[in-house]
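What follows is each chain in one-letter form.
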Amino acid sequence: MKKSIHVNSPKTTKSIARELARTILDASKKRGAFVIALVGQLGAGKTSFVQGLAKELGVKKNVLSPTFLIIKSYDLKKKRKLYHIDCYRLHNTKELLDLGWKEIISNKENIVAIEWADKIKSIIPKDALWISFVQGSELTERDIVIG
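Residues numbered from 1 in each chain as written. Predicted model: local features only at pLDDT ≥ 70, side-chain atom pairs only at ≥ 80, totals over all residues. Heavy atoms only, no water.

K.L.:
Hey, could you go over the environment of Pro-125 for me, with residue numbers and the actual values?
P.N.:
Along the chain, Pro-125 turns up in the loop between strand E5 (110-115) and strand E6 (129-135). Along the sequence, Pro-125 and Ile-105 sit 20 residues apart, while their C-alpha atoms lie 8.2 Å from each other. Once you skip the residues sitting within four places of it in the chain, Pro-125 turns out to touch Val-35, Trp-101 and Ile-105. (Helix = DSSP H or I, 4+ residues; strand = E, 2+ residues; numbered from the N terminus. Contact = heavy atoms within 4.5 Å.)

K.L.:
How would you summarise helix H1 (residues 10-26) if you had to cite specific residues and measurements?
P.N.:
The end-to-end C-alpha distance of H1, which contains 17 residues, comes to 25 Å, matching closely the 24 Å that a straight helix rising 1.5 Å per residue would cover. Listing the buried residues of H1 in full gives Thr-13, Ile-16, Ala-17, Leu-20, Ala-21 and Ile-24. The arc that holds the buried residues of H1, viewed along the axis, is 150 degrees, so those residues lie on one side. Residues of H1 that are exposed and angled more than 90 degrees away from the buried face: Lys-11 and Asp-26. (Expected span 1.5 Å × (residues − 1). Buried < 20%, exposed > 50% of the residue type's maximum accessible area, 1.4 Å probe, protein only. Arc of directions from axis to C-beta.)

K.L.:
Quick one: what's the story with the packing of H1 against helix H2 (residues 46-57), residue by residue and with numbers?
P.N.:
The contact between H1 and H2 brings their axes to 7 Å, and the two run at 45 degrees. As the angle between them shows, H1 and H2 are arranged oblique. Pair H1 / H2 crosses with right-handed handedness. Between H1 and H2, the contacting residues are Pro-10, Thr-13, Lys-14, Ile-16, Ala-17, Arg-18, Leu-20, Ala-21, Arg-22, Ile-24 and Leu-25 on the first element and Ser-48, Phe-49, Gln-51, Gly-52, Leu-53, Glu-56 and Leu-57 on the second. Here the contact of H1 with H2 is composed, by residue class, of 10 nonpolar, 4 polar and 4 charged. (Axes fitted to C-alpha atoms, helices over the stretch in contact; angles between N-to-C directions. Parallel < 35°, antiparallel > 145°, perpendicular 65-115°, else oblique. Left-handed = near helix turned anticlockwise from the far one by under 90°. Nonpolar A, V, L, I, M, F, W, Y, C, P; charged D, E, K, R; others polar.)

K.L.:
Residues and numbers for the packing of aromatic side chains, please.
P.N.:
For any two aromatic rings, the description comes down to two numbers: the centre-to-centre distance and the angle of the planes. What the rule picks out here adds up to 2 aromatic pairs. Aromatic side chains Phe-49 and Phe-133 sit 5.6 Å apart centroid to centroid with 75 degrees between the ring planes, which places their arrangement in the edge-to-face category. Residue Phe-49 is found in helix H2, and its partner Phe-133 is found in strand E6; the two are separated by 84 residues along the sequence. An identical accessibility class is assigned to Phe-49 and Phe-133; each is buried. Measuring from centroid to centroid gives 4.9 Å for Tyr-88 and Trp-116, while their planes differ by 55 degrees, and the two rings are tilted. Residue Tyr-88 is located in the loop between strand E4 (81-86) and helix H3 (93-97), and its partner Trp-116 is located in the loop between E5 and E6; the two are separated by 28 residues in the primary sequence. The partly exposed category is assigned to Tyr-88, whose relative accessible area is 40%. With a relative accessible area of 15%, Trp-116 lands in the buried category. (Phe/Tyr/Trp six-rings, centres within 6.5 Å; stacked < 30°, edge-to-face > 60°.)

None of this, on its own, says anything about what the molecule does.
Encoded structure:
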């Protein structure tokens, strides 16, 4: 079931991500990482969303999109990790597989947020949470579609 949320600021986008983070921390996974697949145009709010998510998960560092690094990881409490992946510069899924993708998503303690996830759709787990960011008519307006 899809849910659409209209937002009008990066602050509100981060607030929605913080709510999701609390849900993730309360949920128990049976297999694999909790994967969040983010899609949307450049500047649509994907990185702002991950920043809100990371803050609520306890990341103290400044979270920026890992465009040139591709993958950035952050240590969380209780042996958990947040992986922030940016697929914008990837040409194919093999590039991500070569960076340890299978190991990252196989650990049920991991939380994985992927920007430009549509570029690697074929290797995203079937139980991933897809979130789309659609720009509105005003500069800061967005519709966040979850599911």
